[in-house]
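Coordinate analysis (summary)
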Amino acid sequence: MPAIAPSILAADFSKLGEVVKLAEAGGADRVHVDVMDGHFVPNLSMGSIVCKGLRPVTAMPLEVHLMVEEPARFLDGFIKAGADSFIFHLEVEPDPTEMIQHIRSQGKKVGLAFNPDFNIAKVEPYIADIDLVLCMTVFPGFGGQAYIPESTARIRQVRKWIRELNPKCELEVDGGIDAKTIGVASAAGADVFVAGTAIFGSKDGPTAATKHLLDLATKAAA
Ligand code: DX5
Ligand code: ZN
């Protein structure tokens, strides 16, 4: 069953709780919180205070995507603020074993991410030990970019490894996911879809946009 993860990076922060609830009403599965440090990516975004604010507002799990150079420094603050899962990048933690164990020991889920130019073979050894693989479909840093078409073959390869090594592991895609691209990513084997602009920038509103994306992903599912 596909899952939609609205990225609040594209939300109107003056009504954050309200628009998150609208996405939830459309069948969103979790909230995707994009954390940027201005070093790993050329932009700044938000910290744990945003999770703290959202925690009482929604029943959805809060998924924290750490686009930062030193992810370990930030885990405890996000855990206190009510985060449910963490995704960090293999580019900054080439041996992620300790971080995986630490996050798991806190009772939280863990995912490994990589950029579109990363050698995906490097994720394979860890698939058996994690809950999610995040295949970036744009270079991270900004919302509203176009899906990189070469991502599709990468998604297919990671799905193959997941099938062989840990079928329960989720395969998430992030960047440029909208009504035009979600079917392609779903057919290639992705099952969690981050969408910012396509949900919070939609003229139909977050509820209808989420429903529509979920419907398209379900119909195209591999
Ligand atoms: C990219 C972030 C994404 C981004 C997605 O830097 O990790 O989560 O907000 O935004 P859209 O859906 O607008 O491409
Ligand atoms: Zn993200």
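Each remark here, short or long, concerns the structure printed above.
Notes on the structure follow.

Criteria and cut-off values
- Residues numbered from 1 in each chain as written.
- Chains lettered and ligands numbered in written order.
- Predicted model: local features only at pLDDT ≥ 70, side-chain atom pairs only at ≥ 80, totals over all residues.
- Heavy atoms only, no water.
- Donors = N, O, S within 2.8 Å, 3.2 Å for Na, K, Ca; no water.
- Tetrahedral: all angles 85-135°; square planar, octahedral: opposite > 155°, others 65-115°.
- Helix = DSSP H or I, 4+ residues; strand = E, 2+ residues; numbered from the N terminus.
- Expected span 1.5 Å × (residues − 1).
- Contact = heavy atoms within 4.5 Å.
- Near = heavy atom within 4 Å.
- Polar contact = N/O pair within 3.5 Å; in protein donor to acceptor, adjacent residues only side chain to side chain.
- Areas by Shrake-Rupley, 256 points an atom, 1.4 Å probe, with all protein chains shown as cover.
- 1 Å grid on protein atoms, 1.4 Å probe; cavity = no way out; pocket = protein on both sides within 12 Å on 5 of 7 lines; lining within 4 Å.
- Sits in = over half its atoms within 2 Å of the grid points.
- Nonpolar A, V, L, I, M, F, W, Y, C, P; charged D, E, K, R; others polar.
- Buried < 20%, exposed > 50% of the residue type's maximum accessible area, 1.4 Å probe, protein only.
- Core = buried A, V, L, I, M, F, W, Y, C linked by side-chain atoms within 4.5 Å.
- Disulfide = S-S within 2.5 Å.
- Points joined across faces, edges and corners; volume = space filled by probe spheres on them.

1. Considerations on the coordination of the zinc ion (ligand 2)
Surrounding the zinc ion (ligand 2) are the protein donor atoms H32 (NE2), D34 (OD), H65 (ND1) and D174 (OD), which sit 2.1 to 2.3 Å from the metal. Its six donor atoms give the zinc ion (ligand 2) angles of 67 to 168 degrees at the centre, a pattern that matches the octahedral case. Counting gaps between the donor residues of the zinc ion (ligand 2) yields the pattern H-x1-D-x30-H-x108-D. Within this pair, whereas H32 is found in strand β2 (residues 31–36), its partner H65 is found in strand β3 (residues 62–67), the two being separated by 33 residues in sequence.

2. Observations regarding helix α5 (residues 151–165)
In an α-helix, one turn spans 3.6 residues; hence positions three or four apart end up facing the same way. For α5, built from 15 residues, the straight-helix expectation of 21 Å at 1.5 Å per residue is met to within 8% by its first-to-last C-alpha distance of 21 Å. Contact partners of the buried residues in α5: β5 (109–114), β6 (132–136), β7 (170–174) and α6 (182–188).

3. Re the site of ligand 1
Around ligand 1 sit 20 residues, and of these D34, G141, D174, G196 and T197 come closest. Contacts to ligand 1 include S7, whose side-chain N or O atom sits 3.0 Å from an oxygen atom. A distance of 2.9 Å separates an oxygen atom of ligand 1 from a polar backbone atom of G176. Taking 390 Å² as the accessible area of ligand 1 by itself, protein coverage stands at 98%. If you map ligand 1 onto the pockets, it falls in the largest pocket. Residue assignment for the shell around ligand 1 shows that the elements contributing at least two residues are β2, β3 and β8 (192–195). Per-element accounting of the shell around ligand 1 gives the leading share, three residues, to β2. A breakdown of the residues in the shell around ligand 1 according to their chemical character gives eight nonpolar, ten polar and two charged.

4. Re the environment of V68
Mapped onto the elements, V68 comes out in the loop between β3 and α3 (75–80). Given the relative accessible area of 2%, V68 is considered buried. Considered as a pair, V68 and A81 are 13 residues apart in the sequence and their alpha carbons are 18 Å apart. Excluding residues that lie within four positions of it along the chain, V68 makes contacts with V35, M36, D37, F40, F74 and V92.

5. A look at the nonpolar core
Core analysis: the biggest nonpolar cluster contains 61 residues, and I8, L66, V133, I155 and F193 have the highest contact counts within it. Counting six residues, the second largest nonpolar core, distinct from the first, contains I87, A113, M136 and V138.

6. With respect to the state of the cysteines
In the structure shown here, the tally under the stated rule is zero disulfides. Distance from the sulfur of C169, which forms no disulfide, to the nearest cysteine sulfur (C135) is 12 Å. Using a relative accessible area of 1% as the deciding quantity, one classes C169 as buried.

7. Quick notes on the layout of surface pockets
Approximately 310 Å³ is the volume found for the largest pocket. Secondary structure elements with two or more residues in the lining of the largest pocket: β2, β3, β8 and α7 (197–200). For the lining of the largest pocket, the class distribution of residues is twelve nonpolar, ten polar and three charged. Considering only enclosed or pocket space, the second largest pocket measures out at about 260 Å³ in volume. Residue lining of the second largest pocket: 18 residues in total, with R30, S85, K109, D131 and E170 positioned closest to the centre. Of all the secondary structure elements, the ones that give two or more residues to the lining of the second largest pocket are β4 (85–89) and β5. A per-class count over the lining of the second largest pocket returns seven nonpolar, three polar and eight charged.

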